[in-house]
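What follows is the residue order along each chain.
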Amino acid sequence: MQLTHPIFTDAEAARVHLEAQRWPHGPNCPHCGNARADRITKMEGKAHRPGLYNCMECREQFTVTVGTVFERSKIALNKWLLATFLMSSSKKGMSAHQLHRMLGVTYKTAWFMAHRIREAMAEDVNSSGPLGGEGKAVEVDETYIGKRETPRTPSPQRRGRPYLKSGGNQKRTVVGLVERGGNVRMFHLNDATASTVREVLVRNVDRKSILYTDASRLYTRTGEEYASHKTTNHANGEYVRYEGAETIHSNTIENVFSVFKRGMIGVYQHCGEAHLHRYLAEFDFRYNRRAALKITDNERHDQLLAKIEGKRLTYRRIGEASNA
């Protein structure tokens, strides 16, 4: 889809497109759930704003943006659709400064738009179920990025010994899980320990799966809970091993981390630790709808618009920073 398409330049065309995406069978009232065409009236008076409907069941008025991340925004809907398209089709992300220049909005507005869109990108892992399954392979690894805003104090057991991963004690921890040929899930953890990593694994990976990791002791005990656990020893220069028809490696999740880090360092450059989980959701969303799965930019954009419902993000939340 060209960036000159009417849905990106005309607010009315954008509204019609969003209505077609959200309401393929006619408008639904977001207040009471009424979907009867004879009980919903389109308000077309001169005093009414475009796209306003009235529900005769609950007597509430609504537009297509009510109940979505676009709700109560004064930004033109075509600019919202352009922002969602740019963020869903840019492999390494789209910075708020770039959005601010392309959309003609302030930097603060572009920053907030980007976070609303990331909120919509977040996957519902509870409804999608665990990764893997019988006969399926899941790769697991951890990486470290950026500087922790609250440095971690080494435990007394370390007795002053350095961490094996350079800067690991001062960097933010990300654990990634990827099903070969399937989806990825990345999580920001305060600390990567055997217990915290196990909690992520058992909540997100089917116990019947084959687990592939490096030789880190984080996975030794937890790996015993799965159908099979094979490792490669990176310290000895081993990154892939073949056992018959089985290919043992964790290169897939390493590739995921590579794209994530290139985006965070080259595009975003800075991310407040309180918002890191949203950036992880953004990269998860695009990887799970990657071109290798024959998903086009337009299809990915439409799938993002299908996820805007039921999610809101205000400027401030209790316990979270207001900038990043």
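Since the structure is predicted, the reported quantities are computational estimates derived from the model, not experimental observations.

(A) Summary view of the overall build of the protein chain. Scanning the protein chain for helices and strands turns up 11 helices and 10 strands. In terms of its C-alpha atoms, the protein chain occupies a principal-axis envelope of roughly 75 × 40 × 35 Å. For the protein chain, the residues scored as buried account for 43% of the 324 residues in total. Residue pairs in contact within the protein chain that sit at least 24 positions apart in sequence constitute 63% of those at least 6 positions apart. On the protein chain, roughly 17100 Å² of surface is accessible, and the fraction owed to carbon and sulfur atoms is 49%. The distance from the centre of the 50 positive side-chain charges to the centre of the 35 negative ones in the protein chain is 5 Å.

(B) View of the sheet that holds strand β7 (residues 210–214). If you walk across this open sheet you meet the 5 strands as β6-β5-β4-β7-β8, and the pairing is mixed. On the outer flanks of this sheet lie β6 (184–189) and β8 (228–232), each paired with one strand and no other. If you compare each strand with its neighbour and ignore which way they point, the axes differ by 25 degrees on average. The sheet contact formed by strand β5 (residues 171–179) and β6 spans 6 bridges and is antiparallel. Its bridge partner lying in β6, Gly176 is registered against Met186. Against the sheet, helix α9 (residues 251–268) makes contact with β4 (137–147), β5 and β6, and its axis sits at roughly 25 degrees relative to β4, the strand it touches most. Across the sheet, helix α10 (residues 276–287) lies against β5 and β6, angled at about 170 degrees from β6, the strand it touches most.

(C) Expanded view of the pattern of salt bridges. Applying the stated criterion across every chain, the model contains 22 salt bridges. Across the pair Glu57 and Arg39 runs a salt bridge whose closest N-O atoms are separated by 2.9 Å. You can see Glu57 sitting in the loop between β2 (52–55) and β3 (61–62) and its partner Arg39 sitting in the loop between α2 (11–22) and β1 (40–43), a full 18 residues away along the chain. Notably, a salt bridge pairs Lys136 with Glu179, separated by 3.9 Å at the nearest N-O pair. A residue pair is termed long-range when its members are at least 10 positions apart, and Lys136 in the loop between α6 (125–128) and β4 and Glu179 in strand β5 qualify at 43 residues. The structure contains a network of salt bridges with shared partners spanning Lys230, Glu238, Arg241, Glu243 and Glu246.

(D) View of the pairing of β7. Counting buried positions over the 5 residues of β7 gives 4, a clear majority of the element. As judged from the 3 bridges shared by β4 and β7, these two strands associate in the parallel manner. For Val138, the partnering residue across the bridge sits in β7 and is Leu211. The pairing of β7 with β8 spans 5 bridges and is classified as parallel. From the neighbouring strand, Ile210 faces β8, where its bridge partner is Ser228.

(E) Fine view of the side chain of Ser90. By the secondary structure assignment, Ser90 is in the loop between α3 (77–89) and α4 (96–103). In this structure the side chain of Ser90 is engaged in a polar contact, spanning 2.6 Å, whose partner is the backbone oxygen of Leu86.

(F) Structural context of the sheet that holds β1. Strand order in the open sheet made by the 3 strands is β1-β2-β3, with antiparallel pairing throughout. Only two strands of the sheet have a single partner each, and these edge strands are β1 and β3. In this sheet, β2 lies alongside β1 in antiparallel orientation, the contact comprising 4 bridges. By the bridge assignment, Ile40 is partnered in β2 with Cys55.

(G) Highlighting the nonpolar core. Counting 55 residues, the largest nonpolar core has Phe70, Leu99, Met186 and Met264 as its most contacted members. In this view, Phe70 contacts Leu18, Thr65, Leu77, Trp80, Leu81, Thr84, Arg116, Leu305 and Ile308; residues no more than four positions away in its chain are not counted. One finds Tyr144, Val200, Tyr219 and Tyr226 within the second-largest nonpolar core, a separate group that totals 16 residues.

(H) Highlighting the packing of α9 against α10. α10 packs onto α9 with a crossing angle of 125 degrees between their chain directions and a minimal axis gap of 11 Å. Taken as axis vectors, α9 and α10 run oblique relative to one another. In terms of crossing hand, the pair formed by α9 and α10 is right-handed. Each of Thr252, Val256, Val259, Phe260, Gly263, Met264 and Tyr268 in α9 lies in contact with α10, whose residues at this interface are Leu276, Tyr279, Leu280, Glu282, Phe283 and Tyr287. Partitioning the contact of α9 with α10 into residue classes produces 10 nonpolar, 2 polar and 1 charged.

(I) Examining the packing of α4 against helix α5 (residues 107–121) more closely. Contact geometry of α4 with α5 gives a least axis separation of 8 Å together with a crossing angle of 115 degrees. Here the hand of the crossing between α4 and α5 comes out right-handed. Here α4 contributes Ala96, His97, Leu99, His100 and Leu103 to the contact with α5, which in turn contributes Tyr107, Ala110, Trp111, Met113 and Ala114. Grouping the constituent residues of the contact of α4 with α5 by class yields 8 nonpolar, 2 polar and no charged.

Cut-offs and rules
- Residues numbered from 1 in each chain as written.
- Predicted model: local features only at pLDDT ≥ 70, side-chain atom pairs only at ≥ 80, totals over all residues.
- Heavy atoms only, no water.
- Helix = DSSP H or I, 4+ residues; strand = E, 2+ residues; numbered from the N terminus.
- Buried < 20%, exposed > 50% of the residue type's maximum accessible area, 1.4 Å probe, protein only.
- Contact = heavy atoms within 4.5 Å.
- Areas by Shrake-Rupley, 256 points an atom, 1.4 Å probe, with all protein chains shown as cover.
- Lys, Arg positive; Asp, Glu negative; His and termini not counted.
- Charge placed at Lys NZ, Arg CZ, Asp CG, Glu CD.
- Pairing = 2+ DSSP bridges.
- Axes fitted to C-alpha atoms, helices over the stretch in contact; angles between N-to-C directions.
- Salt bridge = Lys/Arg side-chain N within 4 Å of Asp/Glu carboxyl O.
- Polar contact = N/O pair within 3.5 Å; in protein donor to acceptor, adjacent residues only side chain to side chain.
- Core = buried A, V, L, I, M, F, W, Y, C linked by side-chain atoms within 4.5 Å.
- Parallel < 35°, antiparallel > 145°, perpendicular 65-115°, else oblique.
- Left-handed = near helix turned anticlockwise from the far one by under 90°.
- Nonpolar A, V, L, I, M, F, W, Y, C, P; charged D, E, K, R; others polar.

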